[in-house]
Amino acid sequence: MTLSAETMSARRGVAGTLDVIPTGAALGAEVRGIDLRNIGEGTFGDLMHAWHQHSVLLIRGQSLNDQELISFSRRFGDLDWAPVQENGRRFVEGLPEIYIVSNVKVNGEAIGSLGDGEAVWHTDMSYLEVPPKASMLYSLEVPPTGGNTSFCSMYAIYEALPGKLKERIANLKIKHDGTYNSGGYVRQGVTATDDPLTSPGAVHPLVCTHPNTGRRMLYLGRRRNAYLIGLPLAESEALLDELWAFVDRPEFAWAHVWRVGDLVMWDNRCTMHRRDAFDPGSRRIMHRTQIKGEQRPA
C-alpha cells in the first residue's frame, strides 16, 4: 500500500517525542526520526506506548551491530536464546541471543534458518510453555523482490468472529505443534509426525487477554498439527479450519517490503506473521532477537 505525502501527513501522529505514522491497515505503524542506539527514557516510554497501540512497529534507516541490537532489545525485557537451527547450529558465536534468518550458504553450509521458501502464518515459538512476548527482526541484506513479511492482527480477527463462534471457543485450549518450524523443516532433535493427537507441543488458551492492553485476542499459533484439546480430531480440524479462514482475509493484515537497515518489532501475543518466497539466487540475511514472555492469562 503506497500513500501519498498528503495522506501520510494527515495520518501522522506525534506520540510524545515520536513521529508515528500508522500503516492504515489493521495493525502496524512506522516510527521516524529516531536512532535506536541512543534513546532516552521518555522516548522509550513513547515507543512502548506506540508498540502496544499498533502491535507492529517499523523503524527504518538503522545502523546496528549485533551488540547494539541486543542492547536495544533488552530494554523490553530479558532475551531468549535463539533456537537450534536446522543445521544444528544455535547462535552467532558468543552471542546466543541472535537468531539468523537467511538462505545464504558458506562452503555449502547454511548460515541461518528458513531458507528462501514461503514461511506460513505463525506466532514465534508458540510451541513453548512460555512463548516469547516480542520479536525484533533487523535486515542486513534483502533480495531485489520477494521475501516480504506480512502481519495480521489477532485482535481484529477475534473481534470479527460471529457471536456464536466466540461462545463456542471461549473456554477451549489449543496445542501448538513443536514438530515443524514455519518453513516446514523438522525441528532439531524432533521426530517427524503429522498426527495432531500425538505431536509434541505446549497447550495454551485459544482466547486470551493481552496483559498490557486488556484486549481479547485469538491465539492460534500455527495450523500444522494444531489440536483443540478434548475434541474429536475431526471436530477439532473442522473448527480450526473455520477459524483459520479468517486469518487469510486481507483486511486483517499488513505487508512489509524490506529495505536494508529496517528493524521491525512485533507483539507475538496478538499478531501472527508470514513470509513470501524469493529467488534462491538472491541473498537475504536478517538477525532476530526475542524477548522472553510470561505465562499467558486466560
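You'll find the structure just up there.
The sections below set out a description of the structure shown in this document. (Residues numbered from 1 in each chain as written. Predicted model: local features only at pLDDT ≥ 70, side-chain atom pairs only at ≥ 80, totals over all residues. Heavy atoms only, no water.)

### Section: the sheet that holds strand β16 (residues 227-228)
Taking strand neighbours across the sheet as the criterion, the 3 strands line up as β13-β12-β16 in an open arrangement whose pairing is antiparallel. Looking along the sheet, the strands with just one partner apiece sit at the ends: β13 (201-205) and β16. Sheet topology note: the strand β12 (residues 173-177)/β16 ladder contains 2 bridges and is antiparallel. By the bridge assignment, K175 is partnered in β16 with Y227. (Pairing = 2+ DSSP bridges. Helix = DSSP H or I, 4+ residues; strand = E, 2+ residues; numbered from the N terminus.)

### Re the sheet that holds strand β17 (residues 253-256)
Overall, antiparallel pairing links the 4 strands, which are arranged β9-β19-β11-β17 in an open sheet. Looking at the sheet topology across the chains shown, the edges are occupied by β9 (119-122) and β17. Recorded for the sheet is a direction-independent mean angle of 15° between the axes of neighbouring strands. As judged from the 2 bridges shared by β9 and strand β19 (residues 271-275), these two strands associate in the antiparallel manner. Looking at β19, one finds that H122 is bridged to H273. (Axes fitted to C-alpha atoms, helices over the stretch in contact; angles between N-to-C directions.)

### Here we look at the pattern of salt bridges
Using the criterion set out here, one finds 18 salt bridges in the structure. Look at the salt bridges and you will find they share partners, linking E118, R274 and D276 into a network. (Salt bridge = Lys/Arg side-chain N within 4 Å of Asp/Glu carboxyl O.)

### Concerning the packing of aromatic side chains
Counted under the stated rule, the structure contains 5 aromatic pairs. Between F44 and F76 the ring centres are 4.8 Å apart and the planes differ by 65°, which places this aromatic pair in the edge-to-face class. With F44 in helix α2 (residues 41-54) and F76 in the loop between α3 (66-74) and β5 (99-102), this pair connects stretches of sequence that are 32 residues apart. The exposure classification of F44 matches that of F76, with both residues buried. (Phe/Tyr/Trp six-rings, centres within 6.5 Å; stacked < 30°, edge-to-face > 60°. Buried < 20%, exposed > 50% of the residue type's maximum accessible area, 1.4 Å probe, protein only.)

### Thoughts on helix α6 (residues 233-247)
The terminal C-alpha atoms of α6, which comprises 15 residues, lie 21 Å apart, in line with the 21 Å expected from a rise of 1.5 Å per residue. By the burial criterion, the buried members of α6 are S236, L239, L240, L243, W244, F246 and V247. Viewed end-on, α6 has its buried residues packed into an arc of 135°, placing them on one side of the element. (Expected span 1.5 Å × (residues − 1). Arc of directions from axis to C-beta.)

### Quick notes on unusual backbone geometry
Note: most residues except glycine have negative phi, and most peptide bonds are trans. For S55, which is not glycine, the phi torsion reads 70° and is therefore positive. Structurally, the position occupied by S55 is in the loop between α2 and β4 (56-59). The buried category is assigned to S55, whose relative accessible area is 3%. Despite not being glycine, N225 shows a phi value in the positive range, around 65°. Tracing the backbone through its elements, the reader meets N225 in the loop between β15 (216-218) and β16.

### A few points about the environment of T23
Turning to its location among the elements, T23 is positioned in the loop between β2 (18-22) and β3 (29-32). Overall, the relative accessible area of 11% leaves T23 in the buried class. Separated by 33 residues in sequence, T23 and V56 have C-alpha atoms that sit 9.9 Å apart. Here the side chain of T23 touches A25 through a polar contact of 3.1 Å, landing on its backbone nitrogen. (Polar contact = N/O pair within 3.5 Å; in protein donor to acceptor, adjacent residues only side chain to side chain.)

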